[in-house]
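# Observations on chain architecture
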Amino acid sequence: MTSPPVAARGVWRDVVGQPETIAALERAVADPASMTHAWLFTGPPGSGRSVAARAFAGALQCPDGGCGECRECRTALDGTHADVDVLSTEALSIGVAQTRDLVQLAGRSPSIGRYRVILVEDADRLTEQSGNVLLKALEEPTPRTVWLLCAPSLEDVLITVRSRSRHVRLRTPPVAEVAGLLNRRDGIDLGMATYAARAAQSHIGLAKRLATDEGARIRRRDTIGLAVRIRGVSDAVGAAADLLQIAEQERDRSLEARSTHERERLLETLGADPAARTQPPHVRAQINALAKEQKTRATRFTRDMVDRALVDLMSVYRDALVLRAGSPVGLVNEDARPVVEEVATAFTAEGLLRAMEAIATARERIEANVAPLLALEAMAVALRVPAGR
Ligand SMILES: [Zn+2]
């Protein structure tokens, strides 16, 4: 047994499993002479990059270096601080116009705070052109302006931008610490929090959703169950369709209400009558543009959800390998142990590795824009449970 993790303090309290990172950031806060004007936070999805960046923003503004209680700390954390601007996007890319606005903002002195902080949550989505606009600001920094850029990895950021930033790397936080956060911050029962943190493989956002949304738990269990369901080719085709359907349900649940709301707001802004059977051309053009944007978002979301389901599915074969090897390492799917045991008995170790490879290939193909159903069918055929073992 490991001892219970010590929670970070003050403004850092929601930054879990990153003691070295916190120490480095605290040193920079304590010694303004060593302060850098551009920071790049990288870490796997769900590791808390933007949470860490916000905490850093708070520590920079706080007269006490990040007490976590004062107005500066609190407003920096909740995104309302006048001198902390956060750009988060769901679009596929951050455009030039948007970046110009930020750069212009960066040229101004802070209004009340010690620094002007500009946080870009998805710096990996800067296009080459917008990256070049940003680069200008990084090359000729404004005193007391600090850029905090977040991205999954260094490779996701334009090399010119990354070479002018100081790098902060977050690691995947330990399961116990993620569970502790859900318990402390969200009031989730520790047993449920631990299950969710383990099942989400320490992805903080997903863990929270699993812990708080029964539908998400059911969809996950359905995904895990596929591993023992695929006997023949027709099962494989059915399993692929199910995987896609699970992802689409997740998408509809998450996006539909928002898309409707956006459309209503747009019509309102344009002064158009929502009930009108036909809209004037300028309104139509805007509605079409919004619809296109929403479609892109839905496609991206579906792909992300399919990918997440594949990570879940892969964890079953990984767990089966752990069991076969008699390793003391914990199972990701402790809650679905019977499924894992069945898979461990049905497949040889080599078969398990092949299954994981098939899943990895499907993920790569979907990432490379192959139609998800095609990629999933090819994968599912490779996941058939060997007969007669
Ligand atoms: Zn404070």
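Predicted, not measured: the structure shown is a model, and the values here were computed from it.

## Focus: the overall build of the chain
The helix and strand tally for the chain stands at 15 helices and five strands. Taken against the 2.2 N^0.38 rule, which gives 21 Å for 389 residues, the C-alpha radius of gyration of the chain at 23 Å falls within 12% of a compact globule. If you line up the chain on its principal axes, its C-alpha atoms span 70 × 65 × 40 Å. In the chain, of all internal contacts separated by at least 6 residues, the share reaching a separation of at least 24 is 72%. Counting every atom, the chain has about 19600 Å² of accessible surface; 51% of that belongs to carbon and sulfur.

## Digging into the coordination of the zinc ion
Within the protein, C62 (SG), C67 (SG), C70 (SG) and C73 (SG) serve as the donor atoms for the zinc ion, at 2.3 Å. Considering all four donor atoms around the zinc ion, angles at the metal cover 104 to 116° and the coordination shape is tetrahedral. Sequence spacing of the donors to the zinc ion: C-x4-C-x2-C-x2-C. Look at C67 and you get partly exposed, because its relative accessible area is 26%.

## What about the sheet that holds strand β3 (residues 116–120)?
With respect to topology, five strands assemble into an open sheet ordered β2-β3-β4-β1-β5, the strand pairing being parallel. Edge strands, defined here as strands with exactly one partner in the open sheet, are β2 (84–87) and β5 (166–169). Between one strand and the next, the sheet's axes are offset by a mean angle of 20°, whatever the strand orientation. As defined by bridge partners, β3 adjoins strand β4 (residues 145–151) across five bridges and the pair is classed as parallel. When the sheet's bridge partners are listed, I118 is paired in β4 with W147.

## Section: the side chain of S47
Checked against the element boundaries, S47 lands in the loop between β1 (38–42) and α2 (49–61). At 2.6 Å, the side chain of S47 and the backbone oxygen of P44 are in polar contact. Beyond its immediate stretch of four places on either side in the chain, S47 contacts Q18, L170, R171, P173 and I204.

## Side note on the environment of R258
Here R258 lies in helix α11 (residues 233–269). In this structure R258 comes out as partly exposed when scored by relative accessible area, which is 30%. If near-sequence neighbours (up to four positions away) are discounted, R258 is found in contact with E90 and R297.

## Thoughts on helix α12 (residues 281–324)
In this model α12 runs 65 Å from its N-terminal to its C-terminal C-alpha over 44 residues, within 8% of the 64 Å that 1.5 Å per residue would give. Taken from the residues just after α12, G326 is the one with a positive phi, measuring 60°.

## So, the pattern of salt bridges
Between side chains of opposite charge, a pair can form as their charged atoms come close. This model, assessed by the stated rule, comprises 22 salt bridges. The partner of E121 in a salt bridge is R54, and the shortest N-O contact between them spans 3.4 Å. Linking E121 in the loop between β3 and α5 (128–139) with R54 in helix α2, this pair joins segments that are 67 residues apart in sequence. When the shortest N-O distance is used, the salt bridge between R337 and E334 registers 2.8 Å. For R337, a relative accessible area of 30% translates into the label partly exposed. Put simply, R209, D213, R219, E250 and R253 are held in one network by salt bridges that share partners.

## Considering the nonpolar core
With 45 residues, the main nonpolar core has L310, L313, Y317, V343, L376 and M379 as its most contacted residues. Of all elements in the fold, only α11, α12, α13 (337–346), α14 (349–367) and α15 (372–382) reach the threshold of two or more residues within this core. Setting aside chain neighbours within four positions, we find V343 in contact with A227, V228, V316, Y317, A320 and L352. In this structure, A28, M35, Y115 and L119 belong to the second largest nonpolar core, which totals 29 residues.

## Considering the packing of aromatic side chains
Counted under the stated rule, the structure contains three aromatic pairs. For the pair W39 and F56, a centre-to-centre distance of 4.9 Å together with 70° between the ring planes defines the contact as edge-to-face. Taken together, the residues W39 in strand β1 and F56 in helix α2 connect sequence positions 17 residues apart. Using a relative accessible area of 1% as the deciding quantity, one classes W39 as buried. Aromatic pair Y317 and F347: ring centres 5.8 Å apart, planes at 90°, arrangement edge-to-face.

## Some remarks on the packing of helix α9 (residues 204–212) against helix α10 (residues 214–225)
Taken N-terminus to C-terminus, the directions of α9 and α10 make an angle of 105°; their axes are 5 Å apart at the nearest point. Comparing the axis directions of α9 and α10 gives the class roughly perpendicular. Together, R209, L210, A211 and T212 of α9 and E214, A216, R217 and R220 of α10 make up the contact between the two elements. Considered class by class, the residues forming the contact of α9 with α10 number three nonpolar, one polar and four charged.

## Things to note about the packing of α12 against α13
Packing of α12 against α13 leaves a shortest axis separation of 8 Å and a crossing angle of 70°. Relative to α13, α12 is oriented roughly perpendicular. Like other packed secondary-structure pairs, α12 and α13 cross with a definite hand, here right-handed. Contacts from V316, Y317, D319, A320, L323 and R324 of α12 reach α13 at R337, V339, V340, E341, V343 and A344. Residues of the contact of α12 with α13, tallied by class, amount to eight nonpolar, no polar and four charged.

About the cut-offs
Residues numbered from 1 in each chain as written. Predicted model: local features only at pLDDT ≥ 70, side-chain atom pairs only at ≥ 80, totals over all residues. Heavy atoms only, no water. Helix = DSSP H or I, 4+ residues; strand = E, 2+ residues; numbered from the N terminus. Rg over C-alpha atoms; globule rule 2.2 N^0.38 Å. Contact = heavy atoms within 4.5 Å. Areas by Shrake-Rupley, 256 points an atom, 1.4 Å probe, with all protein chains shown as cover. Donors = N, O, S within 2.8 Å, 3.2 Å for Na, K, Ca; no water. Tetrahedral: all angles 85-135°; square planar, octahedral: opposite > 155°, others 65-115°. Buried < 20%, exposed > 50% of the residue type's maximum accessible area, 1.4 Å probe, protein only. Pairing = 2+ DSSP bridges. Axes fitted to C-alpha atoms, helices over the stretch in contact; angles between N-to-C directions. Polar contact = N/O pair within 3.5 Å; in protein donor to acceptor, adjacent residues only side chain to side chain. Expected span 1.5 Å × (residues − 1). Salt bridge = Lys/Arg side-chain N within 4 Å of Asp/Glu carboxyl O. Core = buried A, V, L, I, M, F, W, Y, C linked by side-chain atoms within 4.5 Å. Phe/Tyr/Trp six-rings, centres within 6.5 Å; stacked < 30°, edge-to-face > 60°. Parallel < 35°, antiparallel > 145°, perpendicular 65-115°, else oblique. Nonpolar A, V, L, I, M, F, W, Y, C, P; charged D, E, K, R; others polar. Left-handed = near helix turned anticlockwise from the far one by under 90°.

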